[in-house]
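Structural description and commentary
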Amino acid sequence: MALTLGVISGIIPIIYRLLNPTIQAIRSVPSYAWVPLFILWFGIFEASKILLIGVGAFFPLYLATVTGIRNVDRKLVEVAWVNDFRGWSLASRVLLPASLPGIFVGLRQGLGLAWMFVVAAEFMGATHGLGFLLVDGQTNPGASLVWPRIDRRSGLRTSEHLNR
Amino acid sequence: MDVWPGFPSGRALAGFLSPMIRIDRITKAYGGVQPAITEFEFNIEPGSVTVMVGTTGSGKSTLIRVLAGLEAPTSGRIRWDNGSNNPFGIVFQEPRLMPWLNVRQNVKFGFGLKRTKESGRLADEILEQVGLRAFSRYYPRQLSGGMAQRVAIARALVKKPSLLLLDEPFSALDASTRTRLQQHLMQLWTDRSLTLFFVTHDIDEAVLLADRIVVIKGRPGRISHQFRVDLLRPRARQDKGFQALKERVLEALADQKSRS
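Residues numbered from 1 in each chain as written. Chains lettered and ligands numbered in written order. Predicted model: local features only at pLDDT ≥ 70, side-chain atom pairs only at ≥ 80, totals over all residues. Heavy atoms only, no water.

Our focus in this paragraph is the sheet that holds strand E2 (residues 21-29) of chain B. Residues and elements named next belong to chain B. Strands sit in the order E3-E2-E5 across an open sheet of three strands; the sheet is antiparallel. Single-partner strands in this sheet number two, and they are strand E3 (35-44) and strand E5 (75-80). For this sheet, the mean angle separating the axes of adjacent strands, direction not counted, is 15°. Strand direction decides the pairing type here: E2 and E5, joined by five bridges, are antiparallel. Its bridge partner lying in E5, Thr27 is registered against Ser75. (Pairing = 2+ DSSP bridges. Helix = DSSP H or I, 4+ residues; strand = E, 2+ residues; numbered from the N terminus. Axes fitted to C-alpha atoms, helices over the stretch in contact; angles between N-to-C directions.)

Below is the structure:
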């Protein structure tokens, strides 16, 4: 969804002007502010958690896609233009391939944020998972319970980056 | 307007009688401010090499962009005598190759959406002509500046246009590569019966290639002088006629500076 909206906004200026201010406003809402609303709207089970993770991953990917497409070298676009590429053919043959590096950066950032939002989502009435264990450590109480969870979380991110 | 006496050379003579493109009082202003070019009026004859020279900022590139359809003229019009569907190719100052496509794919990009079964063969044919057949699978990052510019020329020529627009295509290259590519371009001009419209600030290049030199002056740019070149090809820089014409063009440009 972030990719689709990002592509549409990046290609069609009027959509960008209409959509972008709203998306930027929503982006500035802290993730925890969504928690009570999502619990109210979607309950305390999986749907609200998945949506919260989705919100976390959405913005970096959307922004990277829009920025990538809007910053495609105008000189390449002109070459496509004089060779009669217009509309979808221009988008698929030039704009998307040229903005792929930026889109992949957004995917990577989105993946990182999604992990963070997994933990946040697990604060919402989960019975297991890192978020649940952190809450458990906080309420029971004992830093010795919390630190290993944070270490495990960091370990996951480290392994994510080792292959790059 | 100073027109150098003498007939246009070679194929341009026939075209002189029936222009391929009529540039009719073209003015282009960006954002309603002072125009970049004003009241341009001249013809491009089929088979000719028209070279436009002028100092930086005189609107040379603006005119080529208007001709290519990348900018709409503020006033005036461009009339194609063979109909508006006349294909043209354009070569920019930089090669502007798609970095994710290899050489052959970049050349085929020149077909736009009109690819046929023949496209591959035609791409190979033009790559052969520009001497890059062996580099078909190379990517732009693996090419030298001269090779990349030859790919750009091949891309512009692959659909067999009748007109090739060149916007200072060799200005970023070293002297020896530039000379080689100039020879290459003239070979393609002969082999493919092309019409060339070439923009440059290099007077030597203009005298070396042109049937006609158009000098533009000032801001906004106006045509100040036109010279018909009847020197035989291939031309030698040390030739007296070459030097004499070069002097005249330089004088015209100096005159331009004093007036602008």
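Still to come is the rest of the account.
With that settled, consider the packing of aromatic side chains. All names here are of chain A. Counted under the stated rule, the structure contains 11 aromatic pairs over all chains. Note on Phe58 and Phe59: the rings are 5.1 Å apart at their centroids and 90° apart in plane angle, and the pair reads as edge-to-face. Both residues of the pair, Phe58 and Phe59, count as buried. Put simply, the rings of Trp34, Phe38, Trp41 and Phe42 touch in pairs and so form one group of aromatic residues. (Phe/Tyr/Trp six-rings, centres within 6.5 Å; stacked < 30°, edge-to-face > 60°. Buried < 20%, exposed > 50% of the residue type's maximum accessible area, 1.4 Å probe, protein only.)

Moving on: the confidence of the model for chain B. Residue and element names in this part refer to chain B. Averaged over all residues, the pLDDT of chain B is 85; the fraction at 70 or higher stands at 89%. At the level of individual helices and strands, chain B shows its lowest average pLDDT in strand E1 (residues 2-3), which scores 38, and its highest in helix H3 (residues 103-109), which scores 96. Within the model, pLDDT remains below 50 along residues 1-17, and this stretch shows 44 contacts once partners closer than five positions in the same chain are excluded. Model confidence for the complex is summarised by a pTM of 0.81, with the ipTM given as 0.84. (pLDDT = per-residue confidence, 0-100. Contact = heavy atoms within 4.5 Å.)

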